[in-house]
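# Residue-level structure breakdown
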Amino acid sequence: MGLIDVEVGRYDWSAIRCGCGKTAEHLAGDLLRLAAAQSREEARALHIEDHALIQSFPQEPAVPVTSVLMAALAGDLSHGARIQCLDLLIRLVDTDDDESADMCQQIARQGLWGVYRDLWSGASRGLVGYAYEILQVIETDEDRLRAVRGSGQLNLPDDLAD
């Protein structure tokens, strides 16, 4: 059993109304499959964003999904699964609902250094870009983010590079 299994088990998914109109019970397994995915295509095919968000508006599972994503990101994921988790995370922390965004941002801040690890990893421009976008939203120490960006060590995508 891993950290993500523990985090998934903390929620009564059957008591949460999903963005698809059913209970969120199916999300528990979907999130575990996301973390186990071997490619981004496999992870993306789960369409978890369609259950946690409707367009850019968070649904009831948004906060527990954010918590599970942070647990997943703390572990070993394939490159594709990690990118998909970061892609979904930026959508959850930067939404059109201030209350939900604030709760998701608080959860993401608990794993701030893990997001910095992904930013610093240089694994791919896509991964680094998602990590940077997340940090732009959740980092409260702007000087730290500015110093890291100014280090010249980041492999940012062209649209985020100066």
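Fair warning: this is a prediction, and the values are worked out from it, not measured in the lab. In this numbering scheme, every chain counts its residues from 1 along its sequence in written order. It should be noted that, the model being predicted, local features are given only for residues of pLDDT at least 70 and side-chain atom pairs only at 80 or more, the latter also being counted only at that level, while totals for whole chains, interfaces and linings use all residues. Side-chain measures were taken over the full set of non-hydrogen atoms in the model, leaving aside hydrogen atoms and water.

So, on to empty space enclosed by the protein. Cavity means a closed set of points on a 1 Å grid over the protein atoms alone, one where a 1.4 Å probe fits but cannot get out, pocket means an open set with protein on both sides within 12 Å along at least 5 of 7 lines, and lining means a residue has an atom within 4 Å of a point. Grid points are joined across faces, edges and corners, and a volume is the space filled by probe spheres set on the points. Scanning all chains against the criterion turns up 1 cavity of 30 Å³ or more. Approximately 30 Å³ is the volume attributed to the largest cavity. The wall of the largest cavity is formed by Leu-34, Ala-43, Ile-48, Glu-49, Gln-84 and Leu-88. Polar here means any residue other than Ala, Val, Leu, Ile, Met, Phe, Trp, Tyr, Cys and Pro, which are nonpolar, and Asp, Glu, Lys and Arg, which are charged; Gly is therefore polar. Here the lining of the largest cavity is built from residues that sort into 4 nonpolar, 1 polar and 1 charged.

Patch criteria: residues need more than 30% relative accessible area and no salt bridge. Like-charged residues are merged within 9 Å; nonpolar side chains of Val, Leu, Ile, Met, Phe, Trp and Tyr are merged within 5 Å. Each accessible area is a Shrake-Rupley estimate made with a 1.4 Å probe; only the visible protein chains count as cover when residues are assessed. Salt bridges are defined by distance alone: a side-chain nitrogen of Lys or Arg within 4 Å of a carboxyl oxygen of Asp or Glu. For the purpose of counting charges, residues Lys and Arg are taken to be positive, whereas Asp and Glu are taken to be negative. His and the chain ends are not included. A charged residue contributes its charge at one atom only: NZ of Lys, CZ of Arg, CG of Asp or CD of Glu. Residues Asp-94, Asp-96, Asp-98, Glu-99 and Asp-102 make up a contiguous surface patch of negative charge. Tracing the backbone through its elements, the reader meets Asp-98 in helix 7 (residues 98-109). Each residue is placed in one exposure class: buried if its accessible area under a 1.4 Å probe, protein chains only, is under 20% of its type's maximum, exposed if it is over 50%, and partly exposed if it falls in between. By relative accessible area, which is 59% here, Asp-98 ends up exposed. The secondary structure listing takes helices from DSSP runs of H or I that are at least 4 residues long and strands from runs of E that are at least 2 residues long, numbered from the N terminus.

Glancing now at the packing of aromatic side chains. Two rings from Phe, Tyr or Trp (for Trp, the six-membered ring) form a pair when their centres sit within 6.5 Å of each other. Planes less than 30 degrees apart are called stacked, planes more than 60 degrees apart edge-to-face, and all others tilted. Summed over the entire model, instances satisfying the criterion amount to 2 aromatic pairs. With a centroid separation of 5.3 Å and 35° between ring planes, the pair formed by Trp-113 and Tyr-116 is classed as tilted. Taken as a pair, Trp-113 and Tyr-116 lie in helix 8 (residues 112-121) at a separation of 3 residues, close to a single helical turn. Of the residues examined, Trp-113 reaches a relative accessible area of 56% and is grouped as exposed. Taking the relative accessible area as the measure of exposure, Tyr-116 reaches 7% and is therefore buried.

The biggest cluster of nonpolar side chains holds 54 residues, and the ones touching the most others in it are Trp-13, Val-65, Leu-92 and Leu-119. For this core, the secondary-structure elements that each account for two or more residues are helix 1 (3-9), helix 2 (25-36), helix 5 (62-73), helix 6 (79-93), helix 7, helix 8, helix 9 (125-138) and helix 10 (142-149). When checking whether two residues touch, look at their non-hydrogen atoms; a contact exists if any pair is within 4.5 Å. Residue contacts for Trp-13: discarding those within four places in its chain leaves Val-8, Thr-23, Ala-24, Glu-25, Leu-27, Ala-28, Leu-31, Pro-64, Val-65 and Val-68. Definition of nonpolar core: a set of buried residues of the types Ala, Val, Leu, Ile, Met, Phe, Trp, Tyr and Cys, connected through side-chain atoms within 4.5 Å.

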